[in-house]
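Below, each chain spelled out in residue letters.
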Amino acid sequence: MLEKFVKKVTGYFTSHDHLNGKDILIDDDVKMSKKLDKNIEILKASMGGSVDFIVREINSGDSKLAFFYIDGLIDSMKLEQNILKPLLSLENSIESIEDLVRKYLPSSEIKITEKLSEACQGFLSGDTVIMVNGISNSVIVNTKGYETRSVNDPQTDSVIKGPREGFIENIRTNTALIRRKIKDTSLRLESFTVGERSKTAVAIMYIKDVANPELIKKIRDKINEIEVDAIYDSGYIQQYIECNPGSLFDTVGYTEKPDIAAAKIMEGRVAILVDGSPFVLTAPMLFIESFQSPEDYYIHPAAATSLRIVRFLSYFISILALPLYVAIATFHHEMAPLSLMYTMAASEADTPFPVVIEAVLMIITFEILKESGVRLPKPVGQAVSIVGALVIGESAVTAGFIAAPMVIAVAITAVSAFVIPTQANAMVLLRYIMLFLSGTMGGFGITIGILFFLMHLTSLRSFGIPYLSSFAPYNTSDMKDTLIRAPLYTLLTRPSGLTRNNPRRQKFKKIWENKNEKN
Amino acid sequence: MKKIKLIPFLLCFLLLSGCWSSREISRLSIVLGIGFEKTEDGNVEVIAQVAVPSNISSKNGSSSGDKNFINYVVKEENIFDAVQGTTNKSASKLSLSHNILILIGRKAAEDGIYKYMDFFIREHEIRLNTPIVVVDGEMDEVLKISSEILKVPCEYINTLIDIQGKSVGGGKVRLLDFMNHLQLETCGYLLPMVRIDEKSDPPALVLDQTAVFLSDKMVGTITIDTFRGAMFVNDKVEGGAVIVGEDDKTIGFKLDSSKTKISVNTDDDKVNIEIKITTNVHVHIDSENRIKTEGMDKTKKELEDKIREQVQNAIDIAKVQGVDFFHFGEEVYKKNPTYWKNIKNDWGEIFKGIQPTIKVECKIEDIGLLLETALKKREE
């Protein structure tokens, strides 16, 4: 039944493609003709008369030349200085394309191709293609000049102490940002083109002698396997290469900051950059990474440790505060101290709904407020927050709709969810599940839920590495960077499992003794 | 695919159970104290004191008209029916898990309490650390009296017991202690007894007497002084004061700590008991400068005599009542079980004849912030 339906749908789409295909489609291996006119004709036909596709023909010396570019994607200064100026002043005829490149083109980034499809991709990504009559090669000259955002403070991963630059939408800038952090010859950059129509540039970066070769192969294969018409963001790649797509938990990490990406590459991970996305993916991703902030490594270890503990605490509060409140209020009254019992009973007495319904209503209301706050234009956002705070916080309680302790439980749940942004999406669903379990079965349900998720987490793997690594399977040396963050000079090895051939990060040095000697 | 099909079925199982055994907090009666008393016609009367949370926790302070608690009184043939009756009366499920006090009426106590207490021991919701108290007088009246700060009578009584524990001796008997007491070889134990203080206005409660129990029956009462002596023997004195000297020449000592060791010797086929009390005290009142003028040793001697006298008094009274609430019999049993087997049945008589040696050793650790009295008398 389902198969039939799928066939019908896919059949529809393929036939639809044919309807549109009146214009000429250029296959990958079509070569250029020697005649310039014919080439122009083919390219014009394939672009179907798009107005931003510019073809400019000139006669210089004895040769007839043509430039192809897309208006808006190029920097006209570059075109004029690097191409038009030298080519208009040609004196001799051009023998070969190499001749043209060597003698006349001052541009630093030049590519020669005989394939029409490559030429197309050249001008479609902002370069200028030069063709000469009588020569079956073309030159692609870099004239990219489209508008990009400048490198500035990223919205996510913000830190008080630490670098403030963030990735932007341009992949080349992003790779450069990482290169600037690791000036090592073995930092490798491999590039791919993903998306049959979008032809999005994707790159992976890793350190050759640190990263596990199997991991690199796995990621390379997974990216090559992607067959889709367009890629708009690294989130697409993330979902295509994820090892366990059915799981609530992300097994591919993302970051918006070069220092984080560089640190992860140094630990033996692979960074995946996608053109058009300021988010760089890192794989494999372990559960503990959600609780690590770059700032942990820039401040005193004791302070970092206390922050880590706060993060773990808020993770559990965010998932369990509300379910526990519901469980205590409906099943396990004896767990509440007497004075707390008075408060809870007094405030729940006048509300019309059972506690669990109240909790679900409140958490849904919060999700609505959060979503509207994110999507709405900024000036309206303020109005939403005022309405939200007043209606939900104040009026619902005074009107006797919701008990005051419930508002507190929801508030602490909501606030602590933002402490671990990478787990936030999984936490929302987790919370609903736990709430349902605690509402139906109380503390017993919570226990079942926790056990189920623990089982799931221990069986989960990210590119072959156990998701709960260093907790399960337990590894003492990796525990130095989990709940506690040990001083940097004690973190001698890279996280185990990530790297096979080069686990040592630094040599052990008694830095405190050296200091005494100097004094 | 098969797994996915299974999910709706599993969800159904979850929903089928519903909210089984769930109890909404708003439909619950929080019982703070539960008590029983024997009525004239031999039935049992149960009083359940239920909190009114909205009045207790209201921030503005409840107006005088609003009550913080409701007492449900039900008379039935047996205790189970009576407790059930209070449930019916309050029209909500009684939650005994926050119960902080079990009250025993004096008439029920004199009649034998085990047939009632069995219910509380078996009930799983009642905590084993709930204190037990005997009520002298009308329980219904006692459970209406509260203090300005502790507005629920049960909390008030509970606090009175705690205060007594600090100032006189730890007489608090929890449900678990009670169960242990029932297992005692000598069968004698004490329970705090509360009554209305007639002299006080507004009405207040006092714990000036202690009920003496033999097995599950109350056989008499002892005064607070006797109780103090008994607590010294039982090693349950935590603090409080000892006043020595006559009239206006008194010295007040405050106890910092007290340790009692009881050693039993049954060698010559006679029970010899030695009670050794070691206390650390500091001087609290010495307005007449007696420590300076008479010397530390003399006042210390006086203090030791005073404590010895208290203990001796308590033992004498216990002998008169014939109840070994010091658990001397237990000590004999622990020391020499075979010997205890022989004398077990005669213990009541033997106890009346024993003459324990009482050794008291006090250590005055501190005389306060004054070396001698601050009052300089003018020479005449």
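Residues numbered from 1 in each chain as written. Chains lettered and ligands numbered in written order. Predicted model: local features only at pLDDT ≥ 70, side-chain atom pairs only at ≥ 80, totals over all residues. Heavy atoms only, no water.

(A) View of the interface of chain A and chain B. Tallying the contact residues gives 23 residues for chain A and 25 residues for chain B. On the chain A side of the interface with chain B, the three residues burying the most area are His333, Leu338 and Tyr342 of chain A, jointly 30% of the side's total. Applying the counting criterion to the chain A and chain B interface returns 0 salt bridges. The interface formed by chain A and chain B contains 8 residue pairs in polar contact (both at pLDDT 80 or more). Contributing elements (two or more residues each) for the side of chain A that touches chain B: α10 (301–330), α11 (338–349) and α15 (424–441) of chain A. Element by element, the count of residues in the side of chain A that touches chain B is highest for α11 of chain A, at 9 residues. Of the residues belonging to the side of chain A that touches chain B, the class tally is 16 nonpolar, 5 polar and 2 charged. (Contact = heavy atoms within 4.5 Å. Buried area = accessible area lost by both parts, 1.4 Å probe. Salt bridge = Lys/Arg side-chain N within 4 Å of Asp/Glu carboxyl O. Polar contact = N/O pair within 3.5 Å; in protein donor to acceptor, adjacent residues only side chain to side chain. Helix = DSSP H or I, 4+ residues; strand = E, 2+ residues; numbered from the N terminus. Nonpolar A, V, L, I, M, F, W, Y, C, P; charged D, E, K, R; others polar.)

(B) Region of the structure containing the pattern of salt bridges. Residue and element names in this part refer to chain A. Under the counting rule described, the total for this entry stands at 41 salt bridges over all chains. Among the ionic pairs, Lys217 bridges to Asp221, the shortest N-O distance being 3.1 Å. Of the two residues, Lys217 and Asp221 both sit in helix α7 (residues 213–225), 4 residues apart, roughly one turn of that helix. Overall, the relative accessible area of 47% leaves Lys217 in the partly exposed class. Judged by its relative accessible area of 32%, Asp221 is partly exposed. The salt bridge involving Glu371 is made with Arg375; its shortest N-O contact spans 2.6 Å. A residue pair is termed a helical-turn pair when its members lie 3 or 4 positions apart in one helix, as Glu371 and Arg375 do in helix α12 (residues 355–375) at 4 residues. (Buried < 20%, exposed > 50% of the residue type's maximum accessible area, 1.4 Å probe, protein only.)

(C) Broad picture of the sheet that holds strand β2 (residues 63–70) of chain A. Residue and element names in this part refer to chain A. An order of β1-β2-β4-β5-β3 is seen for the 5 strands of this open sheet, with the pairing classed as antiparallel. Of all the strands in the sheet, just β1 (53–60) and β3 (110–113) have a single pairing partner and so form its edges. Averaged over all pairs of adjacent strands, the angle between strand axes in this sheet comes to 20°, irrespective of strand direction. One ladder, built from 4 bridges, connects β2 with strand β4 (residues 128–132); its direction is antiparallel. Looking at β4, one finds that Leu65 is bridged to Val132. (Pairing = 2+ DSSP bridges. Axes fitted to C-alpha atoms, helices over the stretch in contact; angles between N-to-C directions.)

(D) Highlighting the sheet that holds strand β8 (residues 253–255) of chain A. Residue and element names in this part refer to chain A. In spatial order, the strands read β6-β7-β9-β10-β8; together these 5 strands make up an open sheet with antiparallel pairing. Looking at strand neighbours, the two that pair on one side only are β6 (187–194) and β8, the edges of this open sheet. Averaged over all pairs of adjacent strands, the angle between strand axes in this sheet comes to 25°, irrespective of strand direction. Summarising the sheet, β6 and strand β7 (residues 200–207) pair through 8 bridges and their orientation is antiparallel. The residue of β7 that forms the bridge with Val194 is Thr200. On the sheet, helix α6 (residues 171–181) packs against β6, β7 and β9 (270–274) and is oriented at approximately 10° with respect to β7. Packed onto the sheet, helix α8 (residues 234–241) meets β7, β8, β9 and β10 (280–283) and runs at close to 135° relative to β9.

The analysis is restricted to geometry; functional conclusions fall outside its scope.
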